[in-house]
Amino acid sequence: MTEVRPTAAASASLWERDAEVHAVVRAIEALGADSSSSGSLLVIRGEAGFGKTALLAETRRIAERRGCTVWSARGGQTLRSVPFNVVRQLLQPALVSLMPEEAREYLGDWYDIAGPALGLTEPGERQADPQGVTEGLVAAVRRLARRDWPLVLLIDDAHWADQETLRWLAAFAERLDDLPVLVVVARRPGEVSGESARLLDAVAATAGGPATTLSALTPQGTAGLTRATLGEHADAPFCREVWAVTDGNPYETVELLAKVRDSGLEPTESAAGELRALNRTARGGGLVARLEELGIDATRFAWAAAILGTGISVDLVAKLATLSRGEAVRCAELLRTARILTSPDPANAQADGGDLEFVHPLIATAVYESIPPALCTAMHGIAAQIVTDSGRGAAAASRHLLQVHPDDDEELVEQLREAARDHLAVGAPDAARRCLERALLEPPRPEVHAHLLYELGCATLLTAPAKTIDHLQTALALPGLDGAERVDAVFRLSQALLHNDQLEEAVRTVETEAARHEPGPARMRLQAAQYMWEGIHAGETTSPGRSERLAELARTCAGRDNSERALLIMRGFDAMTHGENAEEIVEACDRALVNGRLAPGLGWTDNEWGLELPLMLASSYAYTDRLDRAESLFTEALRTYDSAGWGGGHLALAHAYVGLGHRRRGRLREAERSLRESLHIAERVGRGLPLYWSATCNLIDTLLARGHVEEAWSMAEQYGFAPPYPSTIVLPDPRSVRGRLLLAVGRTKEGVNELEAAEKAAAARGHHNPVVVPWAVDLARALAVDDPGRAAQLATDARRRAERFGTDTAIGEALRCAAALETGQRAVRLAAQAVTYLEASPCQYEHAAARVEYGILSRSASELNRGLALARSCGADGLAARASAALEAGPEPR
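Residues numbered from 1 in each chain as written. Predicted model: local features only at pLDDT ≥ 70, side-chain atom pairs only at ≥ 80, totals over all residues. Heavy atoms only, no water.

Secondary structure summary: the protein chain contains 44 helices and seven strands in total. Taken across its 894 residues, the protein chain has 57% of its residues classed as buried. Taking all contacts inside the protein chain whose residues are at least 6 apart in sequence as the whole, residues at least 24 apart take part in 67%. Put simply, the protein chain shows about 36300 Å² of open surface, and 50% of that area lies on carbon and sulfur atoms. Averaged over its 95 positive side-chain charges, the protein chain has a centre that lies 4 Å from the centre of its 122 negative ones. (Helix = DSSP H or I, 4+ residues; strand = E, 2+ residues; numbered from the N terminus. Buried < 20%, exposed > 50% of the residue type's maximum accessible area, 1.4 Å probe, protein only. Contact = heavy atoms within 4.5 Å. Areas by Shrake-Rupley, 256 points an atom, 1.4 Å probe, with all protein chains shown as cover. Lys, Arg positive; Asp, Glu negative; His and termini not counted. Charge placed at Lys NZ, Arg CZ, Asp CG, Glu CD.)

This is the structure:
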């Protein structure tokens, strides 16, 4: 191996790192070659002291020498509970250079979403969506990166980064293909577990190659470094002992050689026996002993610096260590001389970086762990008070409050509750949860306990439904939650049960609580919740007479408040799934609107009722041929979630339902694009959830309509579109769609079985809408040859239900099915009637299919040409091919 012989002590840790340095050089040269090139990611793994920080420093030097902008940040062992800590460090150079109005201009719509997380602006009134904040931070860095190309991002000690930063980093790393940025991440192997480990693995997976793993120095490399530091006269036995004592750890080697030089020890075999003792003073107990030799004041100063972890200034440390400023200045110099503390590198300076930092993270860890536990707890308490008194707020103090020993402190409980609210406001629910869980240990006063559990349940609703259930059930069992707050807690508990796939328990929860209340708004909200959860349940269990009671209750509602509006929406949705008269359904839905729009409190981002209600409303319009209203609502959802920064499940559902609107309208290409985006987002949220099924089911339905049967089958196989089905309703019915898919790929028997299963499930729930649950028309066509009698009966029943529902689409589709089962002029007449109805329908794909089928039956070239033009405009490639083939074949002889 070629020896690298740095000329400066600062680069001594780069010995035997020539291959790694060359890899960095290649990446930086590729970055600077073209502003349109794709970005890249380098992951550097190495044990503590193996030179990760030195390699990042060299990366900075090389990058800056080639004209790159470099932003850097470092995780901290005691700072992992501080949300967005590392990403804030990373962006400070760019943010400091911008005036407030410039920052708003650069970040655009993302300013109000990412701004609070970055400390640029105060948070809004609503709890921020974590996924939305992550997406906002990705967008922020992308926009700033285009301004500062070529840009290099350095993240050291990523194993100690906060989870919020790691979530951003994982998302950002996925998007480097079209952004010319070099990201270099250094971390220790192992060290973390759980979500942080998963996110770090996700980052590494995007690197496109194996991580660079730093190895220990070889004996030859250690000898070269020893002679470069102490002189060429260092003999071989001495050099071998240096390697043996340090195990080739570069940091320990550098530190040991510095001590040899400072002590005047001759680098000869006769002195080699003293190396082991000398090395012990550089780490662990030896470092602590060396620190104690500097005196109690210097020790207290070092302890205080370790407690702070970041922003270490002489004045702040003096307050925490209870030293005068003169004493603090003296201690700082002692610790600098002892190579425990140093001045920050100006190139890495942060806005709140302070005057000092530890020479190496290993030293910071050793000093922190040397603090007596009781004193460590007490110092964290003092640090929290200092931070609070400085006006930085409860959130900034919370990392210290988390370490304070429980002591029945009412003020501490309130501080932690305030910190949790601040964390939620910027999109850090995990940080909020930690604060509230710590407050429970204090413990809170009995009159506060239930409120605290309620807040904890709200904080974990988006991230841990099972924990939310436990917290809210306990809160409701305790005295203290009354009135509107108790009703809200019950509603949120039912939401958590729903998200945890415990829908029947969700129904019982609101039903039981509703029975405790007198008639009024609170009871009506709970009743509405019960009807809502029952209405979206796909299983066979429902309370007897539910639809009749809901219809009776809705008849008394005029839309005076949101509880009445909610009941009207649910009545409309329930009637739609049951296939009742479409005009009456629309009338109920219209009464739920205020001046044609969603009422305040029932919007897409309002937390009181959730997104289920507007989805029910829009779906009712979509399947009653009021597609203009449905599309307006679906588009509003997408625009609202985008502008509010709500990502994850909310955004996935918005794209899915926009896709559903396109599919119903017959814009199949646009539907496919929206649904693929929905599925992409849903993959990040998690498979098996109802939103995942919505994206998958609609995408497969759209691909079948386009005639892309093989691709539809491949998607079904890839994404698990098969039983068991979710417990909540998915539109359209997934059993019907899967049955149609099986028929399309030639698995007729399985397809028939699936459609018959759809028939039984629909009958159990009374879901007789032939458009939402279209099993009957597909099953009739499948049975036409082997069981024509049953096929005819199915077609007759489908037509009867379609006429009861009363939309042009439903009747036209039933007539198409009837025509497919007939022959001769009766088939032609039925097909002509289908065209008449579907021409009046907003569903252009179905209209195109009816035109083509009528053209084939009537042997009409003009009808086939009209059908072909419609099919092509819809993007229905299979239907267009069928029409073209019929035109080429010409009319059959009569």
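So much for the structure itself; the text now carries on.
For the structure on display, the rule yields seven aromatic pairs. Aromatic pair Trp604 and Tyr641: ring centres 6.4 Å apart, planes at 75°, arrangement edge-to-face. One end of the pair, Trp604, is in the loop between helix 29 (582-591) and helix 30 (612-622); the other, Tyr641, is in helix 31 (residues 627-644), and 37 residues separate them in sequence. The exposure classification of Trp604 matches that of Tyr641, with both residues buried. Here the aromatic cluster, defined as three or more aromatic residues joined through ring pairs, consists of Trp693, Phe721 and Tyr725. Just above the ring of Phe491 sits the side chain of Arg525; from NZ or CZ to the centre is 4.5 Å. (Phe/Tyr/Trp six-rings, centres within 6.5 Å; stacked < 30°, edge-to-face > 60°. Lys NZ or Arg CZ within 6 Å of the ring centre and 35° of its normal.)

Turning to the side chain of Thr509, a few remarks are in order. Structurally, Thr509 is set in helix 25 (residues 503-515). In this structure the side chain of Thr509 is engaged in a polar contact, spanning 2.8 Å, whose partner is the backbone oxygen of Glu505. The contact partners of Thr509, leaving out residues within four places of it in the chain, are Val490, Leu493 and Leu497. (Polar contact = N/O pair within 3.5 Å; in protein donor to acceptor, adjacent residues only side chain to side chain.)

Taken in spatial order, the five strands make up an open sheet running 2-3-4-1-5, and their pairing is parallel. Every interior strand has two partners, whereas the edge strands, strand 2 (69-74) and strand 5 (212-213), have only one. Strand direction decides the pairing type here: strand 1 (residues 40-45) and strand 5, joined by two bridges, are parallel. Note on strand 5: the bridge partner recorded for Arg45 is Thr213. On top of the sheet, helix 3 (residues 85-96) reaches strand 2 and strand 3 (151-156); it is set at about 155° to strand 2, its chief contact. (Pairing = 2+ DSSP bridges. Axes fitted to C-alpha atoms, helices over the stretch in contact; angles between N-to-C directions.)

The buried count for strand 3 comes to six of six residues, which makes it a mostly enclosed element. Going residue by residue along strand 3, you find Leu151, Leu153 and Ile155 tucked away on one face and Val152, Leu154 and Asp156 tucked away on the opposite face as well. The sheet contact formed by strand 2 and strand 3 spans six bridges and is parallel. The residue bridging Thr69 from the neighbouring strand is Leu151, located in strand 3. With five bridges joining them, strand 3 and strand 4 (residues 181-187) adopt parallel strand pairing.

Bringing the pattern of salt bridges into the picture now. Under the defined criterion, the tally for this structure stands at 58 salt bridges. As a salt-bridge pair, Arg104 and Asp112 come within 3.6 Å of each other at their nearest N and O atoms. Between Glu631 and Arg665 there is a salt bridge whose closest N-O contact spans 2.7 Å. Highlighted residues: Glu631 in helix 31 and Arg665 in helix 32 (residues 648-665), separated in sequence by 34 residues. Looking at Glu631, the relative accessible area reads 15%, which means it is buried. Several salt bridges converge on common partners, so that one network encompasses Arg663, Asp701, Arg740, Asp778 and Glu846. (Salt bridge = Lys/Arg side-chain N within 4 Å of Asp/Glu carboxyl O.)

On the surface, a cluster of negative charge is made up of Asp407, Asp408, Asp409 and Glu411. Note on placement: Asp407 falls in the loop between helix 19 (394-401) and helix 20 (410-425). (Patch = residues over 30% accessible without salt bridge, like charges linked within 9 Å, V, L, I, M, F, W, Y side chains within 5 Å.)

Judged by nonpolar contacts, the single largest core of 141 residues is most densely connected at Trp533, Leu567, Met570, Leu613, Ile700 and Trp775. In terms of residue count, helix 34 (residues 690-706) provides more of this core than any other element does, nine residues in total. Those residues within four positions of Leu613 in sequence are excluded, and the remaining contacts are Met532, Ala566, Ile569, Met570 and Leu602. Residues Leu91, Ala117, Val133 and Ala173 belong to the second largest nonpolar core, which totals 54 residues. (Core = buried A, V, L, I, M, F, W, Y, C linked by side-chain atoms within 4.5 Å.)

Both strand 1 and strand 4 contribute to a ladder of six bridges, which runs parallel. If you follow Leu42 over to strand 4, its bridge partner there is Val184.

Time to look at the confidence of the model for the protein chain. Predicted confidence across the protein chain gives a mean pLDDT of 88, with 95% of residues reaching 70 or more. For residues 1-10, every residue scores under 50 in pLDDT, and the model assigns this stretch 15 contacts once sequence neighbours within four places are set aside. (pLDDT = per-residue confidence, 0-100.)

Below, the discussion takes up the packing of helix 32 against helix 42 (residues 844-858). Between helix 32 and helix 42, the shortest axis-to-axis distance is 5 Å and the interhelical angle comes to 30°. The angle between helix 32 and helix 42 places the two elements in the roughly parallel class. Of the residues in helix 42, those touching helix 32 at Arg663, Arg664 and Arg665 are Gln844, Tyr845 and Glu846. In terms of residue class, the contact of helix 32 with helix 42 is built from one nonpolar, one polar and four charged. (Parallel < 35°, antiparallel > 145°, perpendicular 65-115°, else oblique. Nonpolar A, V, L, I, M, F, W, Y, C, P; charged D, E, K, R; others polar.)

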